[in-house]
Amino acid sequence: MPNPPESYEVRPMTRKELDTAARWAKQEGWNPGVHDAECFFKTDPAGYFAGFVDGEMVASISAVSYGEDFGFIGFYIVKPEYRGQGCGIRVWNAAMEHLGGRNIGLDGVLAEEKTYEKSGFKTAYHNIRFEGVGGGFRPGSVEPLGAFSLDEILEYDSRFFPVRREGFLKAWLAMPNIFAYGLRSNNALAGYGVVRSCSSGYKIGPLFADDANTAEEIFRALVAHTPNGPFFLDVPDVNQEAMNLAKRRRMAPSFETVRMYTQNAPDIKLSGVFGVTSFELG
């Protein structure tokens, strides 16, 4: 195995250094949200690692812990001129050690699927990124998400995510320049979604709903806030209703990841996942 330069060291990332990783993600074409880094860091400040050569940051990875049972890996990037030198595996090892025996998820590029398998990850399904053109009007059936209590949102969200993620959602829903809507049925939350500004256009995530009709109503409300640029929706390919929604809106596939876990795929309601929250934190 190649060895990194002698001065290479791996250590936890600072908040400012996470901005560097987000910039690299933009250069890779991953299109992060404008304010993602601030929210991500609040979720697990100890879950970010970077590699340095003579003080220059050359590798990054996130290994965010959602409590004792689940974690998620993202931002795994090595600067092009340092690839193939063993810099990546060092930050990878730091990330895996940080998450320990948890079930760990990731969204990897297809070309690295076999590499992740060697580290014990197993493929669950693929996520397809669709791109569309915004506009339209907000349906009267939806309400601003602030009309629902945080406890109600957290309880609903936990049907579609492996664990209750209170710290993350508090930060996610407090980001600047987002729009979030929910739909009520039988006096209960039946779906919710968020749209945020990204490096290019806007991204919807999450979009969770009891059924396709509810998802489409919320989707229309979110898309109404994206009239001046493209918007993106990341869809699990195993949810045919979500795939159909993207096709009805004549959205074009633009990117694909493979969702993998170190243990069994979590028991979540994938039929209600119409839009993944993010490829970096799950």
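Anything mentioned here points back to the structure above.
Note that the coordinates shown come from a computational prediction; the quantities given were computed from them, not determined experimentally.

**Examining the pattern of salt bridges**
For side chains of opposite charge, pairing can occur when their charged atoms come near one another.
Phase 1 of the analysis: In total, this model carries 19 salt bridges according to the counting rule given.
Phase 2 of the analysis: Put simply, Lys 79 and Glu 56 hold a salt bridge, and the shortest N to O gap is 2.8 Å. With a gap of 23 residues between them, Lys 79 in the loop between strand 4 (70-78) and helix 3 (87-99) and Glu 56 in strand 3 (residues 56-65) connect regions that are remote in the sequence.
Phase 3 of the analysis: Take Glu 56: its relative accessible area is 31%, and that puts it in the partly exposed class.
Phase 4 of the analysis: Linking Asp 210 and Arg 159 is a salt bridge whose minimum nitrogen-to-oxygen distance equals 3.7 Å. On the criterion of sequence distance, the pair formed by Asp 210 in the loop between strand 10 (202-209) and helix 7 (212-223) and Arg 159 in the loop between helix 5 (150-157) and helix 6 (166-172) is long-range, its members being 51 residues apart.

**Thoughts on the environment of Val 91**
Phase 1 of the analysis: Tracing the sequence through the fold places Val 91 in helix 3.
Phase 2 of the analysis: Accessibility expressed as a relative area gives 0% for Val 91, which makes it buried.
Phase 3 of the analysis: Between the alpha carbons of Val 91 and Val 78 there is a distance of 9.6 Å; along the sequence they are 13 residues apart.
Phase 4 of the analysis: Once residues within four sequence positions are removed from consideration, Val 91 is found in contact with Tyr 8, Val 10, Ala 50, Gly 51, Ala 59, Ser 60, Ile 61 and Tyr 76.

**A short note on helix 5**
Because each turn of an α-helix spans 3.6 residues, side chains separated by three or four positions in sequence point in the same direction.
Phase 1 of the analysis: Looking only at helix 5, the buried set comprises Ile 153, Leu 154, Tyr 156 and Asp 157. Angularly, the buried residues of helix 5 cover 165° about the axis, an arc narrow enough to put them on a single face.

**Describing the packing of helix 1 (residues 15-27) against helix 2 (residues 36-43)**
Phase 1 of the analysis: Close contact between helix 1 and helix 2 brings their axes to 10 Å; oriented N to C, the two are set at 130°. Compared by their axis directions, helix 1 and helix 2 come out oblique. Judged by the twist between their axes, the crossing of helix 1 over helix 2 is right-handed. Taken together, the residues of helix 2 that come into contact with helix 1 (itself represented by Arg 15, Leu 18 and Asp 19) are Ala 37, Glu 38, Phe 40 and Phe 41.

**Description of the pairing of strand 11 (residues 230-236)**
Phase 1 of the analysis: With respect to burial, strand 11 is a largely interior element, six of its seven residues being buried.
Phase 2 of the analysis: As defined by bridge partners, strand 6 (residues 122-133) adjoins strand 11 across seven bridges and the pair is classed as antiparallel. Its bridge partner being in strand 11, Glu 131 is matched across the sheet by Phe 232.
Phase 3 of the analysis: The pairing of strand 10 with strand 11 spans three bridges and is classified as parallel.

The rules behind each value
- Numbering of residues begins from 1 in every chain and follows the order in which that chain's sequence is written.
- For this predicted model, a pLDDT threshold of at least 70 governs which residues receive local features, and a threshold of 80 or more governs which side-chain atom pairs are given and counted, while totals over whole chains, interfaces and linings are taken from all residues.
- The side-chain figures draw on all heavy atoms in the structure; neither hydrogens nor water molecules are used.
- Each reported salt bridge corresponds to a side-chain nitrogen of Lys or Arg within 4 Å of a carboxyl oxygen of Asp or Glu.
- Under the DSSP-based scheme used, a helix requires at least four consecutive residues in state H or I and a strand at least two consecutive residues in state E, with every element numbered from the N terminus.
- Residue burial is assigned from relative accessible area. The probe radius is 1.4 Å, only protein chains are included, and a residue is buried under 20% of its type maximum, exposed over 50%, and partly exposed in between.
- Contacts were defined at the residue level, with two residues in contact if any of their heavy atoms lie within 4.5 Å.
- This arc is taken over the directions from the axis of the helix to the C-beta atoms.
- As a rule, the C-alpha atoms of each element are fitted with a line to give its axis, helices using only the stretch in contact, and angles between N-to-C directions run from 0 to 180 degrees.
- Note on angle classes: values under 35 degrees are labelled roughly parallel, values over 145 roughly antiparallel, values of 65 to 115 roughly perpendicular, and the remainder oblique.
- Crossing chirality is assigned from the near helix's rotation relative to the far helix, an anticlockwise turn below a right angle marking it left-handed and a clockwise turn marking it right-handed.
- We treat two strands as partners when DSSP finds at least two bridges between them.

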